[in-house]
Amino acid sequence: FTGRLVAAYLRRSAPSGLRWALAGRDAARLEAVATEIEAQPGLAAGVGAAPVSVLGGCDADEASAARIAGETRAVLSTAGPFSKYSDALVGACAAGGVSYVDINGEIPWVARVIERHDEAARASGALIVPNCGFDSVPSD
């Protein structure tokens, strides 16, 4: 749900020339999102950018994470549970100097991310920003 909203926003409002991709576990669902946002009305001239590629089959394993991190400068992750699907991705980003942002609210996982990946992120210059956005408001 949130990923679709972000993709629609980028398609509609990103600076022209921005190169971005949709990545996720299910290529068919990603292709459907790409088709859906391509048909959006109201695109202004010189504003908005379609995704340049769709990367399906991105699982929680290290090979998938390395593939994604190796093709970008920044990752925005909107699909959880993050403790299940994003650990390898954060590690690959931290090691490769790729910035990572997500919308998780999984505080214990964030503590583990800091323990595991802070040193590598500092060394590579990667910015790791968990809890940014939708689910980042502290609970009761």
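As a reminder, the structure under discussion sits directly above these lines.
What you see is a predicted model; the values in this text were computed from it and never measured. (Residues numbered from 1 in each chain as written. Predicted model: local features only at pLDDT ≥ 70, side-chain atom pairs only at ≥ 80, totals over all residues. Heavy atoms only, no water.)

A. Representation of the sheet that holds strand E4 (residues 99-102). Spatially, three strands are ordered E3-E4-E5 in an open sheet, and the strand pairing comes out parallel. Since the sheet does not close on itself, it has two edges, and those belong to strand E3 (74-77) and strand E5 (128-129), each with one partner. Its contacts with the sheet put helix H5 (residues 87-96) on E3, E4 and E5, and the angle it makes with E4 is roughly 150°. (Pairing = 2+ DSSP bridges. Helix = DSSP H or I, 4+ residues; strand = E, 2+ residues; numbered from the N terminus. Contact = heavy atoms within 4.5 Å. Axes fitted to C-alpha atoms, helices over the stretch in contact; angles between N-to-C directions.)

B. Just the layout of surface pockets, in detail. Here the largest pocket defines a volume of roughly 1500 Å³. Lining the largest pocket are 45 residues, with Ala21, Leu22, Ala23, Gly24 and Leu76 sitting closest to its centre. Only helix H1 (2-13), strand E1 (21-23), helix H2 (27-38), strand E2 (53-55), helix H3 (62-69), E3, H5 and E4 provide two or more residues apiece to the lining of the largest pocket. For the lining of the largest pocket, the element with the highest residue contribution is H1, accounting for six residues. When its residues are assigned to classes, the lining of the largest pocket shows 27 nonpolar, ten polar and eight charged. (1 Å grid on protein atoms, 1.4 Å probe; cavity = no way out; pocket = protein on both sides within 12 Å on 5 of 7 lines; lining within 4 Å. Points joined across faces, edges and corners; volume = space filled by probe spheres on them. Nonpolar A, V, L, I, M, F, W, Y, C, P; charged D, E, K, R; others polar.)

C. Here's a closer look at the pairing of E3. Of the two faces of E3, the one holding Val75 and Ser77 is buried and the one holding Ala74 and Leu76 is not buried anywhere. With four bridges connecting them, E3 and E4 associate as parallel partners. Paired with alanine 74 across the strands is serine 99, a residue of E4. (Buried < 20%, exposed > 50% of the residue type's maximum accessible area, 1.4 Å probe, protein only.)

D. Up close: the pairing of E4. Across two bridges, E4 lies against E5 in parallel orientation. Paired with valine 101 across the two strands is valine 129, which belongs to E5. As a crossover connection, the stretch from E4 through helix H6 (residues 107-124) into E5 is right-handed. (Right-handed = clockwise from strand over helix to strand, strands pointing away.)

E. Representation of the packing of H1 against H2. Remark: H1 packs on H2, axes separated minimally by 10 Å, with the N-to-C direction vectors making an angle of 40°. Here H1 lies oblique to H2, going by the angle between them. The two elements H1 and H2 meet at a crossing, and its hand is right-handed. Across the interface between the two elements, Arg4, Ala7, Ala8 and Arg11 from H1 touch Val33, Glu36, Ile37 and Glu38 from H2. Among the residues making up the contact of H1 with H2, the classes are represented as four nonpolar, no polar and four charged. (Parallel < 35°, antiparallel > 145°, perpendicular 65-115°, else oblique. Left-handed = near helix turned anticlockwise from the far one by under 90°.)

F. Summary view of the packing of H3 against H5. Between H3 and H5, the shortest axis-to-axis distance is 8 Å and the interhelical angle comes to 45°. The orientation of H3 with respect to H5, classified from their angle, is oblique. Of the two elements, H3 crosses H5, and the hand of that crossing is right-handed. Of the residues in H5, those touching H3 at Glu62, Ala65, Ala66, Ile68 and Ala69 are Ala88, Leu89, Ala92 and Cys93. Classifying every residue of the contact of H3 with H5 gives eight nonpolar, no polar and one charged.

Purely geometric stuff here, so don't read any function into it on its own.
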